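# Close look at the chain arrangement
Spelled out from the first residue to the last, the chains are:
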Amino acid sequence: MRIAVDAMGGDYAPQEIVLGSIMANKKYGIPVTLVGRAENIYPYLSSENNLKGFQIMDAPEVVGMAESPTEAFKNKKKSSLKIALELVKEREALSMVSAGNSGAVLTFAAMTLGLIKGIDRPALAAPLPNLQNFTIVIDVGANVDCKPKNLFQFAIMGHYYAQLLLKIKNPKIGIVSIGEEEGKGNLLVKETHNLLKKSNLNFIGNVEGRDIFLGKCDVAICDGFVGNVILKTAEGVGELIAISLKKEITSSLKASFGFLLSKGAFKNFYKKIDYSEYGGAPLLGVKGGCFICHGRSKAKAICNAIKVAYHFAEEKIVEKIQEHMKEFSILERFHLDWRN
């Protein structure tokens, strides 16, 4: 149950990536293969760490955060990203974690691992907190331009991922729009709405942005442009709340005393909205575990991403999605026109 980690991806690589990998190994006992420039990795390792099942695999090339994904895939065959994904493909690792160039991770994963039969485009699925549990938003950045069939496929993957992650037998699926009424939204939303309505998924119709956080649906479907705006807005609001609370708490002795009395509640709330608690988002639709982390991820986020990637592999989510996609026989079961 080994996890491959791209040691060179992210704003704080390799230091924070190495420290997060060490943390996951020591805290959860997860075997990790760190892939990257060995001379840059070793300075952050110590014989005192007493690590078990910890490996370093040298990779001389690095894919830059602003580099063209297609050019990088063509020219950097010995990059840390490519080699980490090759480990997953060859089953020497069960999942891969990277905080690097998300466009490059998407391209490299699709080209190296291949796509599950019945899926045209992979999608990023991120859990966002709601009043009861979490809402899985899919896609949150992998596909800016989508067709109705792509969003329909996201709904299928989201359905099974929610079953496994949220332990909900028949998750409620909504499509993100500018109003709850069926006729609201752009052409993509309207056409996808018609497809989902004909399916036997538990489709509840249109949902608005606020409904995601109120828990109206378990899975919210959208294209990557809309999803990424939702994700980044949620992160910004979370940071605003944390900074504003800190400012208010230190504004007076009375406020500071009140904080001490409710410190546990504030800590639990911040933990729920802190993206580093969840680590990374799985790229669903590829034939292997692939997790993309925030570019600003530090050790804690990397550690949690490795933990989630480990459980993702342990639950065999990729295999289960593959099996369910076979079972669907979409044209026969839903009688849908896929020419869109």
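Quick caveat: nothing in here was measured; it's all calculated off a predicted structure. Within each chain, residue numbers correspond to sequence positions counted from 1 in written order. A pLDDT threshold of at least 70 governs which residues receive local features in this predicted model, and a stricter bar of 80 or more applies before side-chain atom pairs are shown or counted, although totals over entire chains, interfaces and linings include all residues. Computation of side-chain values covers all heavy atoms of the structure but excludes hydrogens and water.

## What about the overall build of the chain?
Convention followed: Secondary structure elements follow DSSP: runs of H or I no shorter than four residues count as helices, runs of E no shorter than two count as strands, and numbering proceeds from the N terminus. In this description, contact between two residues means that some pair of their heavy atoms is separated by no more than 4.5 Å. Computed with a 1.4 Å probe, the accessible areas rest on the Shrake-Rupley method; for each residue, only the protein chains presented here act as cover.
If you tally the helices and strands in the chain, you get 14 helices and 11 strands. Sequence separation of at least 24 residues holds for 70% of the intrachain contacts in the chain that already meet a minimum separation of 6. When the accessible surface of the chain is split by element, carbon and sulfur atoms take 54% of a total near 16300 Å².

## Quick word on the pairing of strand 10 (residues 280-284)
The criterion, for reference: For each residue, the accessible area found with a 1.4 Å probe, counting protein chains only, is set against the maximum for its type, and the residue is called buried under 20%, exposed over 50%, and partly exposed in between. Two strands are counted as paired when DSSP detects at least two bridges linking them.
In terms of residue burial, strand 10 counts as a mostly covered element, since five of its five residues are buried. When strand 5 (residues 123-129) meets strand 10, the two strands line up antiparallel, connected through two bridges. Of the residues in strand 10, the one forming a bridge with Ala 123 is Leu 284. Of the strand pairs in this sheet, strand 10 and strand 11 (residues 289-293) are connected by three bridges, and their pairing is antiparallel. Bridge pairing in strand 11 links Ala 281 to Ile 292. In this structure, the hairpin formed by strand 10 and strand 11 is closed by a connection of four residues, where Gly 285 is found at a positive phi of approximately 110 degrees.

## Let's talk about the pattern of salt bridges
Going by this rule: Any carboxyl oxygen of Asp or Glu within 4 Å of a side-chain nitrogen of Lys or Arg constitutes a salt bridge here.
Evaluated as defined, the whole model comprises nine salt bridges. Note that Lys 149 and Asp 120 form a salt bridge whose closest N and O atoms lie 3.4 Å from each other. Of this pair, Lys 149 sits in helix 6 (residues 148-165) while Asp 120 sits in the loop between helix 5 (102-113) and strand 5; the two residues are 29 residues apart in sequence, bridging distant segments of the chain. Among the residues examined, Asp 120 registers a relative accessible area of 39% and is labelled partly exposed. Lys 197 serves as the salt-bridge partner of Glu 182, at 2.6 Å between the closest nitrogen and oxygen. Pair noted here: Glu 182 is in the loop between strand 7 (173-176) and helix 7 (187-198) and Lys 197 is in helix 7, with a separation of 15 residues, a long-range link.

## Some points on the environment of Lys 169
Mapped onto the secondary structure, Lys 169 falls in the loop between helix 6 and strand 7. Judged by relative accessible area, Lys 169 falls into the exposed class, the value being 76%. Considering only alpha carbons, one finds Lys 169 and His 159, 10 residues apart in sequence, at a separation of 9.2 Å.

## A closer look at a nonpolar patch on the surface
Applied cut-off: Think of a patch as exposed residues, more than 30% relative accessible area, with no salt bridge, where like charges cluster within 9 Å and nonpolar side chains (Val, Leu, Ile, Met, Phe, Trp, Tyr) cluster within 5 Å.
A contiguous nonpolar surface patch, about 340 Å² in accessible area, is contributed by Val 144, Phe 225, Val 226 and Val 229. In this structure, Val 229 sits in helix 9 (residues 224-249). Val 229 sits in the partly exposed class, given a relative accessible area of 46%.

## So, the nonpolar core
Under the convention used in this document: Here the nonpolar core consists of buried residues drawn from Ala, Val, Leu, Ile, Met, Phe, Trp, Tyr and Cys, with membership extended through side-chain atoms lying within 4.5 Å.
Leu 34, Val 97 and Ile 306 are the most contacted members of the largest nonpolar core, which has 57 residues in total. Counting residues per element, this core draws most heavily on helix 6, which supplies 10 residues. Setting aside its immediate chain neighbours within four residues, Val 97 contacts Ile 3, Ala 4, Val 5, Asp 6, Phe 291, Cys 293, Ala 305, Ile 306 and Ala 309. Residues Ala 72, Ile 83, Leu 85 and Ala 109 belong to the second largest nonpolar core, which totals 39 residues.

## Topic: the packing of helix 6 against helix 7
Stated formally: Orientation is described by lines fitted to C-alpha atoms, with helices fitted over the stretch in contact, and by angles between N-to-C directions that extend from 0 to 180 degrees. Any angle between 65 and 115 degrees counts as roughly perpendicular, while under 35 counts as roughly parallel, over 145 as roughly antiparallel, and the rest as oblique. What makes a crossing left-handed is the near helix being turned counterclockwise from the far one by less than a right angle; a clockwise turn instead makes it right-handed. In this classification, the charged set is Asp, Glu, Lys and Arg, the nonpolar set is Ala, Val, Leu, Ile, Met, Phe, Trp, Tyr, Cys and Pro, and all remaining amino acids, among them Gly, are polar.
As a packed pair, helix 6 and helix 7 sit with axes 9 Å apart at the nearest point and diverge in direction by 50 degrees. Accordingly, the angle class assigned to the pair helix 6 and helix 7 is oblique. Of the two elements, helix 6 crosses helix 7, and the hand of that crossing is right-handed. For the pair helix 6 and helix 7, the contacting residues are Pro 148, Lys 149, Leu 151, Phe 152 and Ala 155 in the first and Leu 188, Glu 191, Thr 192, Leu 195 and Leu 196 in the second. Class assignment for the residues of the contact of helix 6 with helix 7 results in seven nonpolar, one polar and two charged.

## Topic: helix 7
Defined as follows: To estimate how far a helix should extend, the number of its residues minus one is multiplied by 1.5 Å. Our arc is simply the arc of the directions from the helix axis toward the C-beta atoms.
Its 12 residues give helix 7 an end-to-end C-alpha distance of 17 Å, which sits within 8% of 16 Å, the value for a rise of 1.5 Å per residue. Those residues of helix 7 not exposed but buried are Leu 188, Val 189, Thr 192, His 193, Leu 195 and Leu 196. The arc that holds every buried residue of helix 7, seen down its axis, measures 165 degrees, which confines them to one face. For helix 7, exposure combined with an orientation more than 90 degrees from the buried face picks out Leu 187 and Lys 198.

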